[in-house]
Amino acid sequence: MPIPFETLIPYGIIVAMFGISGGGLSAVRYWQNGGKRMRRSCDQWDMVMMERDRRLTGSLRGQSDTPIAPPGFELNNPWKAEKRII
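One structure accompanies this document, and this report is about it. (Residues numbered from 1 in each chain as written. Predicted model: local features only at pLDDT ≥ 70, side-chain atom pairs only at ≥ 80, totals over all residues. Heavy atoms only, no water.)

Some points on the overall build of the chain
Link 1 in the chain: When you go through the chain residue by residue, the secondary structure sums to 2 helices and 0 strands.
Link 2 in the chain: Every one of the 86 residues in the chain was classed for burial, and the buried ones make up 8%.
Link 3 in the chain: Taken as a whole, the chain presents about 8,200 Å² of accessible surface, with 64% of it coming from carbon and sulfur. (Helix = DSSP H or I, 4+ residues; strand = E, 2+ residues; numbered from the N terminus. Buried < 20%, exposed > 50% of the residue type's maximum accessible area, 1.4 Å probe, protein only. Areas by Shrake-Rupley, 256 points an atom, 1.4 Å probe, with all protein chains shown as cover.)

What follows is the structure, encoded as structure tokens:
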């Protein structure tokens with residue numbers, strides 16, 4: 001006895017919605033990373049370099065090859081110092 005085609009319609013809708021949502025999520029992540037693939041296995045050094053790139057270029061994935069830092073970058077220090085008691 002064959003399966004009626006009406007029972008396959010909901011499964012087709014479910015598969016299509018999973019495909020659309022997965023493709024949309026992939027496109028949004030690709031767009032947020034500046035058109036580059038997602039980074040994997042980032043250690044502490046990579047995190048520090050990504051923060052430096054963000055402070056230099058304004059983008060987490062952007063990189064700059066200019067030898068001179070932009071104005072105001074010399075005062076934009078990420079290191080936190082403890083406050084003096086005296």
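Considerations on unusual backbone geometry
Link 1 in the chain: Backbone geometry places Ser41, a non-glycine residue, at a positive phi of 55°.
Link 2 in the chain: Within the secondary structure, Ser41 sits in the loop between α1 (8–32) and α2 (44–57).

Details of the pattern of salt bridges
Link 1 in the chain: Counted according to the given criterion, the structure contains 2 salt bridges.
Link 2 in the chain: Glu51 is the salt-bridge partner of Arg54, the closest N and O atoms lying 2.5 Å from each other. On the criterion of helical spacing, the pair formed by Arg54 and Glu51 is a turn pair, its members being 3 residues apart in helix α2.
Link 3 in the chain: In this structure Arg54 comes out as partly exposed when scored by relative accessible area, which is 37%.
Link 4 in the chain: The exposure class assigned to Glu51 is partly exposed, which follows from its relative accessible area of 30%.
Link 5 in the chain: Two residues, Asp53 and Arg52, come together in a salt bridge whose shortest N-O distance is 3.0 Å. (Salt bridge = Lys/Arg side-chain N within 4 Å of Asp/Glu carboxyl O.)

Things to note about a nonpolar patch on the surface
Link 1 in the chain: Taken together, the side chains of Ile3, Leu8, Tyr11, Ile14 and Phe18 define a hydrophobic patch exposed on the protein surface, amounting to about 620 Å² of accessible area.
Link 2 in the chain: Following the sequence through the fold, Leu8 ends up in helix α1. (Patch = residues over 30% accessible without salt bridge, like charges linked within 9 Å, V, L, I, M, F, W, Y side chains within 5 Å.)

Comments concerning the environment of Ala69
Link 1 in the chain: Examined against the element boundaries, Ala69 turns out to sit in the segment after α2.
Link 2 in the chain: Accessibility expressed as a relative area gives 39% for Ala69, which makes it partly exposed.
Link 3 in the chain: Sequence separation between Ala69 and Thr57 is 12 residues; the distance between their C-alpha atoms is 9.8 Å.

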